[in-house]
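If you want the building blocks of each chain, they are given just below.
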Number of protein chains: 2
Amino acid sequence: MQGYKVIFQPGDLEVEVQPGGTIMEALDKAGINADFPCGGRGKCGKCRVKILTGAGEPTAVEQDILEAQELAEGIRLACSTTISNDLTVQLPSYIQHNILITSGEKTFQVEPHLKKIAVEIEKPSLDAYSSDWSRLKGSLVGHGYDGADLKAQVALLRRLPEAVRRAGHRLTAIMHDNEITGIEEQDTTGIMLGMAFDIGTTTIVGYLLDLYTGRELGVVSMLNPQTRFGADVISRITFANQEEDGLAKLHAAVLEAINKLIGEAAGKAGVNKNDIYGITIAANTTMHHLFLGVSPRYIAVSPYVSVVSEPLVASAVDLQLEINRAGKIFVLPNIAGFVGADTTAVLLGTELDRSQDVKLVIDIGTNGEIVLVSRERMVACSAAAGPAFEGAQISSGMRGAAGAIDHVYFRDRLDYTVIGGGKPLGICGSALLDTVAGLLELGIINKRGKLLPFEQITNTNAQAYQDRLLQHEGEPAFLLADAGKTAHGRPVMVTQNDIRELQLAKGAMAAGVRVLMETCGVTRGDVKEVLLAGAFGNYLTPHSACVIGLIPLELESKIKMVGNAAGTGSKLALLSAGEYRRAAEIAESAEFVELGSYPGFNSIFAECTYFQQLR
Amino acid sequence: MQGYKVIFQPGDLEVEVQPGGTIMEALDKAGINADFPCGGRGKCGKCRVKILTGAGEPTAVEQDILEAQELAEGIRLACSTTISNDLTVQLPSYIQHNILITSGEKTFQVEPHLKKIAVEIEKPSLDAYSSDWSRLKGSLVGHGYDGADLKAQVALLRRLPEAVRRAGHRLTAIMHDNEITGIEEQDTTGIMLGMAFDIGTTTIVGYLLDLYTGRELGVVSMLNPQTRFGADVISRITFANQEEDGLAKLHAAVLEAINKLIGEAAGKAGVNKNDIYGITIAANTTMHHLFLGVSPRYIAVSPYVSVVSEPLVASAVDLQLEINRAGKIFVLPNIAGFVGADTTAVLLGTELDRSQDVKLVIDIGTNGEIVLVSRERMVACSAAAGPAFEGAQISSGMRGAAGAIDHVYFRDRLDYTVIGGGKPLGICGSALLDTVAGLLELGIINKRGKLLPFEQITNTNAQAYQDRLLQHEGEPAFLLADAGKTAHGRPVMVTQNDIRELQLAKGAMAAGVRVLMETCGVTRGDVKEVLLAGAFGNYLTPHSACVIGLIPLELESKIKMVGNAAGTGSKLALLSAGEYRRAAEIAESAEFVELGSYPGFNSIFAECTYFQQLR
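Residues numbered from 1 in each chain as written. Chains lettered and ligands numbered in written order. Predicted model: local features only at pLDDT ≥ 70, side-chain atom pairs only at ≥ 80, totals over all residues.

Asks: Looking at this model, I keep getting lost on the relation of the copies chain B and chain A. Mind explaining?
Replies: Between the two chain copies there is a screw-like relation: a rotation about an axis and a shift along it. Screw-axis analysis of chain B against chain A gives a translation of 0.1 Å along the axis, an RMSD of 0.3 Å, and a rotation angle of 180 degrees. Here the transformation between the copies is reduced to the relation of a two-fold axis. For chain B, the residue whose C-alpha comes nearest the rotation axis is Asp318 of chain B, separated from it by 5.7 Å. Of all interface residues in chain B, 100% are interface residues in chain A too; the two copies therefore contact each other through one and the same surface. (Least-squares fit on C-alpha atoms with pLDDT ≥ 70 in both. Contact = placed C-beta atoms within 7 Å.)

Structure below.
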């Protein structure tokens with residue numbers, strides 16, 4: 001039988017219901033968690049909804065319980081109205097905030113940090129002469145607030161008298177806990193947007209979301225403009241300390257970038273940035289501090305402490321972010337000086353804190369964060385891999401941008417792909433991994449990382465690549481593209497020194513994994529899943545990463561790419577105050593291991609720079 | 001027997017103790033409420049104090065309980081040290097805040113809104129790598145705070161890392177409830193000052209107080225600079241509404257004045273205004289709104305509602321007041337649109353809310369506030385007396401400034417006093433009262449307020465004044481000083497029209513009193529006390545006020561002048577958070593009667609303009 005469409009407003013949530021079903025059933029199907037105090041028996045009248053289009057004749061129960069005026073306006077009881085045609089239903093504001101969202105594999109309750117409540121304020125009279133503020137608070141008592149507890153800034157009180165009278169005493173109050181952060185004239189409850197940010201050292205990504213439905217309205221990103229003051233966190237910390245107004249410049253740069261992204265996201269989605277009321281920030285500890293304008297100086301020196309790591313809520317006005325002035329900024333908590341809120345967000349986004357299995361999550365980068373989850377412990381470390389994975393300090397290295405060889409294949413002959421197509425300009429980190437992994441498998445590199453002279457190579461498959469083995473400026477090198485095949489007319493190659501750089505980088509990561517396993521007393525065999533997070537983790541060839549020993553070889557089949565899990569975590573924290581609170585629990589319960597002071601770390605690291613896992 | 005002096009720091013509180021007494025006894029004598037968990041038996045060691053000068057040998061108990069290092073620093077137990085010479089004792093910060101203050105007739109506990117806590121913050125290490133903010137919060141846990149609950153602004157976090165390291169991890173935290181509003185390097189608990197303000201329409205008065213001891217360090221005052229935009233509240237409301245940036249100009253003017261007074265008070269007392277951490281504001285509702293930058297527009301139109309009347313705490317930085325940036329501003333609550341926080345402060349200062357008797361408190365002015373306290377009810381009204389009491393719209397009228405005749409005496413001959421001495425320029429309100437009262441007693445004015453022609457006057461005592469009765473510009477007048485005796489060479493007199501103006505003014509006040517009595521069902525005989533508050537109330541001759549019927553004649557013996565009771569209330573609210581909370585209770589429980597809509601008010605008012613109570 002053909003069902004009818006029921007569309008819930010706000011949010012445009014559409015479900016199909018069989019004829020004869022009730023709106024209560026439709027709510028259930030839409031995952032909207034409404035209350036039915038009398039159990040849906042048409043007794044209490046609490047499940048009033050307003051039917052915007054398609055309202056039929058009221059039932060006897062409705063005629064009994066509702067006023068004639070209400071019936072005329074389309075008010076019905078969700079438990080009693082049977083559906084006999086398509087309907088558009090306006091949800092009362094108290095249930096607008098309880099919609100279930102499915103993100104990836106997880107389902108969670110939307111629980112906005114801020115609430116919009118449409119209120120009708122008592123008009124003053126000689127008998128009701130209390131202040132505008134008192135009557136505004138009084139109007140919220142029916143919505144579950146304790147009037148005596150409510151607070152507001154003086155700035156809001158300054159706008160109140162004219163707003164309340166212009167609007168004929170109908171306002172929308174923007175609530176954050178017991179603070180009225182804003183007032184808007186008339187009923188503006190129909191829209192509430194937010195943005196979730198992931199501020200990376202290199203890239204800033206922002207997601208525009210509908211806070212009622214969780215729907216993603218757009219994604220925007222840009223290069224972190226702080227890059228011009230230093231490529232990595234250490235150089236930015238140095239800049240913040242040593243240059244005049246260094247901290248202020250870095251702070252201003254990231255705020256400007258975020259405001260630009262807010263404008264861009266709103267523009268692309270065709271929405272008003274004034275309808276954005278919440279922002280979440282996930283970032284590594286240094287980017288976190290620079291976003292807040294707090295000095296990251298002491299992150300860089302032992303014992304590597306941050307100024308603030310706890311969850312932090314600030315007003316949009318205080319942080320000069322160009323969203324609604326009633327809006328709030330929710331900064332996710334850091335775990336330690338070098339394990340930031342981005343890692344907290346990854347754990348939140350992957351739900352690793354709830355895992356019953358032993359799992360590893362690895363975010364590979366200049367500072368790679370690794371977390372091992374095992375039997376209710378979460379142990380994190382930061383591995384100083386250096387810039388090799390980013391293509392820096394590599395002879396032909398470059399970022400993963402247009403012109404970079406990103407993947408290399410040792411088939412019958414050497415193949416590669418170039419980002420954006422065309423002739424290559426250099427190689428990025430993932431291609432370096434592929435090349436070294438291929439050369440290892442061919443026996444062209446030995447386990448100490450030495451590029452062997454051709455006469456010492458025993459593997460016959462290596463013969464096809466003989467002419468690519470050459471000397472470059474006095475050191476052995478492997479040619480990927482000769483001068484005639486590149487965009488700039490210079491050869492692209494991997495040198496002995498590049499291999500050494502990669503060994504240091506992968507050694508640092510592998511040593512981190514080893515230390516975490518030792519700390520938790522687990523073996524490789526215990527690990528059920530290896531989650532690769534972040535841009536590089538999603539770009540590399542898992543097999544190559546395992547061949548070079550960046551990830552233990554026996555875990556290759558356990559690898560799962562989780563995309564921008566930090567972004568996912570930031571989005572969850574934006575859509576749900578409960579998830580944001582969970583982020584605080586994660587950051588608090590995660591243990592941190594400082595690798596540099598781990599007993600015997602230097603020899604573990606030295607050992608891990610070898611390629612000894614092979615054969 | 002000669003006693004020894006014990007001086008407690010901070011606060012310089014000095015008491016004399018008999019030889020052999022303990023510091024515990026000295027604390028008690030000084031009214032300092034310290035805790036002795038073990039009952040002073042030398043068991044718990046909780047009553048540690050530091051003896052700055054005069055420390056003797058430690059007792060056996062002290063040697064047992066205290067560390068050698070502590071003993072060397074002069075630390076002793078208050079319960080165990082017997083006094084055998086003069087001592088200076090430093091109180092630990094936890095008992096600095098419990099000193100009893102006597103203000104006028106009342107004794108109360110000093111309970112500062114803000115607290116200073118000297119803390120030693122754990123130094124970070126590889127084992128204690130939590131954030132600076134986390135370790136700061138942790139240092140406060142031992143002082144009774146819940147670390148998880150503590151909050152701070154981002155601006156404080158920005159200063160934190162350098163401050164904590166420069167100070168060798170010894171800071172003073174400035175606390176307001178669960179907010180750390182400021183941090184200072186080293187131990188700065190020795191000083192904490194505050195200012196209590198009473199912002200009148202005409203005059204602003206500020207009191208500089210030591211928040212530990214309650215000691216008044218100075219009083220400053222100035223003309224409210226808003227006067228240049230309008231003399232009374234109505235003209236200022238009009239200016240705020242109708243002039244371009246009118247509200248902003250009035251707001252800026254009062255802030256500038258208060259900042260000037262802060263600087264002046266600090267300068268005179270030889271203290272640093274950075275040591276001021278709290279400010280209280282008592283003001284009428286319009287001055288209150290203008291101080292906050294909130295529009296007073298709707299106070300002036302029926303139903304005369306304010307924007308905000310509740311107690312309001314704002315930061316010194318937000319309100320741009322030039323005290324310590326950790327400071328807070330505590331605005332006292334209003335009762336109604338025309339019964340402001342100044343009246344709340346008067347009730348607080350006079351403790352009328354606790355009266356078991358029927359009492360009247362009257363603050364005479366352009367808008368006179370009257371409160372009748374009766375059997376647990378407090379009923380307030382505002383009487384629109386007009387400007388006659390201020391000397392405005394009176395032919396020879398002027399403010400109570402130099403050159404004004406302020407008191408008039410009908411003895412053998414007419415005498416008067418002039419403010420500042422010398423020849424008079426005019427008369428102020430109190431002299432108008434004296435003149436009219438005298439003329440009434442002489443039968444020169446009849447009960448309808450008519451200045452009688454000499455031939456109709458029957459009282460023989462009036463003969464001495466025959467030559468002062470004249471015609472001025474076609475109306476009868478009574479001459480106080482002829483042209484030759486005045487500073488400007490024009491006569492100073494009271495005209496028939498001036499008497500009419502005074503009748504309207506006193507009629508409004510008397511009608512207010514009558515309505516409040518009717519409302520509470522009390523008679524004149526029930527009233528035990530009439531408190532006159534405010535500048536005019538303290539300047540007038542009570543007998544004159546009663547003769548003209550401003551105050552019922554039979555209450556003359558019940559009149560008590562209470563000085564600037566609003567200032568007293570503001571001071572109490574500054575020194576004690578408990579008194580500030582009581583102000584909120586007063587404002588909430590006080591009932592307001594809008595005279596204009598009281599049944600039959602017009603005829604009550606008309607009747608009260610007569611002088612019928614006389615003879």
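Asks: Sorry, what's going on with the interface of chain B and chain A here?
Replies: Taken together, the contact pairs 35 residues of chain B with 35 residues of chain A. The set of elements that each furnish at least two residues to the side of chain B that touches chain A consists of helix H4 (132–141) and helix H5 (154–166) of chain B. Considering each element in turn, the side of chain B that touches chain A owes the most residues, five residues, to H5 of chain B. Residues of the side of chain B that touches chain A, tallied by class, amount to 19 nonpolar, 10 polar and six charged. (Helix = DSSP H or I, 4+ residues; strand = E, 2+ residues; numbered from the N terminus. Nonpolar A, V, L, I, M, F, W, Y, C, P; charged D, E, K, R; others polar.)

Asks: Is there a simple way to think about the packing of helix H9 (residues 341–350) of chain B against helix H15 (residues 577–589) of chain B in this case?
Replies: The relative placement of two packed helices comes down to the angle between their axes together with the axis-to-axis distance. Residues and elements named next belong to chain B. Two numbers describe how H9 lies on H15: the axes approach to 9 Å, and their chain directions differ by 120 degrees. In terms of orientation, H9 lies oblique with respect to H15. Regarding H9 and H15, the two cross each other, and that crossing is right-handed. Here Thr344, Leu347 and Leu348 of H9 lie close against H15, whose contacting residues are Glu579, Arg582, Ala583, Ile586 and Ala587. (Axes fitted to C-alpha atoms, helices over the stretch in contact; angles between N-to-C directions. Parallel < 35°, antiparallel > 145°, perpendicular 65-115°, else oblique. Left-handed = near helix turned anticlockwise from the far one by under 90°.)

Asks: Help me understand the pairing of strand E9 (residues 170–176) of chain B, please; the structure alone is not making it clear to me.
Replies: The side chains of a regular strand alternate between the sheet's two faces. Residues and elements named next belong to chain B. With six of its seven residues buried, E9 lies for the most part within the structure. Two strands pair when backbone bridges link them, and strand E8 (residues 114–120) and E9 are joined in this way by seven bridges, in the antiparallel orientation. Bridging across to E9, Glu120 finds its partner in Arg170. Judged from the six bridges that link them, E9 and strand E10 (residues 179–185) form a sheet pairing that is antiparallel. In the sheet register, Leu171 faces E10, and the bridge partner there is Glu185. Between E9 and E10, which pair antiparallel in sequence order, lie two residues; one of them, Asp177, sits at a positive phi of approximately 50 degrees. (Buried ≥ 20, exposed ≤ 12 C-beta atoms within 10 Å, placed from the backbone. Pairing = 2+ DSSP bridges.)

Asks: I'm lost on the packing of helix H11 (residues 496–520) of chain B against helix H16 (residues 601–608) of chain B in this one. Help?
Replies: All names here are of chain B. Two numbers describe how H11 lies on H16: the axes approach to 8 Å, and their chain directions differ by 125 degrees. Considering the angle they form, H11 stands oblique to H16. Once H11 is placed against H16, the crossing between them reads as right-handed. Of the residues in H16, those in contact with Gly507, Ala508, Ala510, Ala511, Arg514 and Val515 of H11 are Phe601, Ile604, Phe605 and Cys608. Its residues placed into classes, the contact of H11 with H16 shows eight nonpolar, one polar and one charged.

Asks: Sorry if this is basic, but what is going on with the sheet that holds strand E20 (residues 404–410) of chain A here?
Replies: Whether parallel or antiparallel, the strands of a sheet pair through hydrogen bonds between backbone atoms. Residue and element names in this part refer to chain A. Taking strand neighbours across the sheet as the criterion, the three strands line up as E21-E20-E22 in an open arrangement whose pairing is mixed. With one partner strand each, in any of the chains shown, strand E21 (414–418) and strand E22 (426–427) form the two edges of the open sheet. Relative to E22, E20 is paired through two bridges, and the arrangement is parallel. What sits directly across from Ile405, in E22, is Ile427. Running at roughly 20 degrees to E20, helix H10 (residues 429–441) makes contact with E20, E21 and E22 of the sheet.

Asks: Is there a simple way to explain the environment of Val373 of chain B in this structure?
Replies: Residues and elements named next belong to chain B. Examined against the element boundaries, Val373 turns out to sit in strand E18 (residues 367–374). Given 29 C-beta atoms within a 10 Å radius, Val373 is considered buried. Residues Val373 and Val361, 12 residues apart in the sequence, show an inter-C-alpha distance of 8.2 Å. Those residues in contact with Val373 that sit more than four places away from it in its chain are Leu352, Ser355, Val358, Lys359 and Met378.

Asks: Teacher, can you tell me more about unusual backbone geometry here?
Replies: For residues besides glycine, phi is generally negative; the peptide bonds are generally trans as well. The linkage connecting Ser302 of chain A with the following residue, Pro303 of chain A, adopts the cis geometry, with an omega of 5 degrees. Within the secondary structure layout, Pro303 of chain A lies in the loop between helix H8 (285–292) and strand E15 (312–315). For Asp245 of chain B, which is not a glycine, the phi torsion comes out positive at approximately 55 degrees. Its place among the elements puts Asp245 of chain B in the loop between helix H6 (233–242) and helix H7 (246–269). With a phi angle near 55 degrees, Gln320 of chain B is a residue other than glycine that sits in the positive phi range. Within the secondary structure layout, Gln320 of chain B lies in the loop between strand E15 (312–315) and strand E16 (328–331). Take Gln320 of chain B: there are 14 C-beta atoms within 10 Å of it, and that puts it in the partly exposed class.

So far we have only geometry, and geometry alone does not tell us how the molecule works.
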